[in-house]
Amino acid sequence: MFQGPWGPIVSAGAVVLVSLGMAAPAFADDPPTPPRAAPAPRGLPAAPSGASYDKLITFANDSARDLGALKQQARDVDAARNETIGQLITLATLTERPGTVRDRLEREAIRLSVSDEPRSRSTLSPAVHEATEEMRTLRAELKQEYVALQADAIALAPYAAMPPANGAWMAPVLGELTQGFGQTTYWGEPARTYGGVYYEHFHDGLDIATAMYSPVVAAAPGRVAWVGHLPDGAMVVIIAHIGGLVSLYAHLDDRIAPPRVAAGDQVQEGQIIGAIGMTGMTTGPHVHFVVWRNGELIDPLTLIAR
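Caption draft 1: Highlighting the overall build of the chain. Check the secondary structure of the chain and you find three helices and 15 strands. Put simply, the chain has 306 residues, and 44% of those count as buried. Contacts spanning at least 24 positions in sequence make up 74% of the contacts within the chain whose residues lie at least 6 apart. About 15400 Å² of surface is accessible on the chain, with carbon and sulfur atoms providing 55% of the total.

Caption draft 2: Local environment of the nonpolar core. Among the nonpolar cores identified, the biggest contains 61 residues, and Trp169, Val237, Ile238, Tyr249 and Ile273 are the most heavily contacted of them. When residues of this core are traced back to their parent elements, those giving at least two are helix H1 (53-94), helix H3 (121-161), strand S7 (206-209), strand S9 (222-229), strand S10 (235-241), strand S11 (245-252), strand S14 (286-293) and strand S15 (296-298). Excluding residues within four positions of it along the chain, Trp169 makes contact with Ala219, Ala220, His241, Leu245, Ser247, Glu269, Phe289, Val291, Leu303, Ile304 and Ala305.

Caption draft 3: Molecular detail of the side chain of Asn61. Here Asn61 is to be found in helix H1. A relative accessible area of 13% means that Asn61 is categorised as buried.

Caption draft 4: Inspection of the packing of aromatic side chains at higher detail. Applying the stated criterion across every chain, the model contains one aromatic pair. Both rings, one in Tyr249 and one in Phe289, keep their centres 5.3 Å apart while their planes meet at 35 degrees; by these two values the pair is tilted. You can see Tyr249 sitting in strand S11 and its partner Phe289 sitting in strand S14, a full 40 residues away along the chain. Tyr249 sits in the buried class, given a relative accessible area of 0%. Overall, Phe289 belongs to the buried group, its relative accessible area being 0%.

Caption draft 5: View of the pairing of S9. For S9, the buried fraction is high: seven of the eight residues fall into the buried class. Pairing between S9 and strand S12 (residues 266-267): two bridges, direction antiparallel. In the sheet register, Gly222 faces S12, and the bridge partner there is Val267. As judged from the six bridges shared by S9 and S10, these two strands associate in the antiparallel manner. Across the sheet, residue Gly228 finds its bridge partner in S10, namely Val236. Counting the residues in the hairpin turn of S9 and S10 gives five residues, including Gly233, whose phi is positive at 95 degrees.

Caption draft 6: Structural view of the confidence of the model for the chain. Considering every residue of the chain, the mean pLDDT works out to 77; 69% of them sit at 70 or more. Considering only residues more than four positions removed or in separate chains, one finds that residues 1-41, a stretch of pLDDT under 50, has 105 contacts.

Caption draft 7: Quick peek at a nonpolar patch on the surface. Among the surface-exposed residues, Met212, Tyr213, Ile256 and Met278 lie close enough to one another that they form a single nonpolar patch of about 350 Å² accessible area. Mapped onto the secondary structure, Tyr213 falls in the loop between S7 and strand S8 (215-217). On the accessibility criterion, Tyr213 (36% relative accessible area) is partly exposed.

Basis of the calculations
- Residues numbered from 1 in each chain as written.
- Predicted model: local features only at pLDDT ≥ 70, side-chain atom pairs only at ≥ 80, totals over all residues.
- Heavy atoms only, no water.
- Helix = DSSP H or I, 4+ residues; strand = E, 2+ residues; numbered from the N terminus.
- Buried < 20%, exposed > 50% of the residue type's maximum accessible area, 1.4 Å probe, protein only.
- Contact = heavy atoms within 4.5 Å.
- Areas by Shrake-Rupley, 256 points an atom, 1.4 Å probe, with all protein chains shown as cover.
- Core = buried A, V, L, I, M, F, W, Y, C linked by side-chain atoms within 4.5 Å.
- Phe/Tyr/Trp six-rings, centres within 6.5 Å; stacked < 30°, edge-to-face > 60°.
- Pairing = 2+ DSSP bridges.
- pLDDT = per-residue confidence, 0-100.
- Patch = residues over 30% accessible without salt bridge, like charges linked within 9 Å, V, L, I, M, F, W, Y side chains within 5 Å.
- Salt bridge = Lys/Arg side-chain N within 4 Å of Asp/Glu carboxyl O.

The structure is reproduced here in structure tokens:
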């Protein structure tokens, strides 16, 4: 995968201009922010340290799956919280006036006193007290349940608010598409079996070349799964997205404009995550952009609006 160069920066044939999505924003004049460590968000495992490339990708794909599960959990908690609120409102309506429960039971006593049933008002006095106590207990239990659900809802709020990555993505950078996804004759690309077919040389993503230190942005909203160097020295950012999608941005600069994000950060589409560099095995400034869906490589161009 990363055992050799990811392709020449200028192809022998025609150079295709990438006109994908919106233009990436320029860097501000603030000083570079060094990479920082951050704890994994609630519910997600900590990013591995010093793991191999394959283990990192497995971790990232697991993170995308967990992210989807957390988003569903956030929906379920919100639904349960709304149901509890409804129960509390109903209970408050029933007991909004002193004696409401007693009045209801007294009316029932009157009904029974004129019926053929062998009961009287006096036999319902314990029932009045018992019903009142039951409603007080129920209200206390519902309030306790609401407090617990509210705490869960607050903790899961970032996942509930995170938009799904089911729309068109944007290009991580504007530049020249110097190598596309799929089979290639370039000797530096490793062999791969893709779609059940063996290829002697296969490029697993897109190479987009542009000027050094140009901003690289997140192609879609998601959660940063890992930031660091691969064994070949390439600085990468890996992002997990809703829908089982994972994106990788490689060869980023690690000196002048190192990545601005850390594992656990939530990012939005178009947010700057780093800058074009030449880290790792490369012949020129570019970003190597790779996407997986449910652990399987896909052509990033199938997601990018163009």
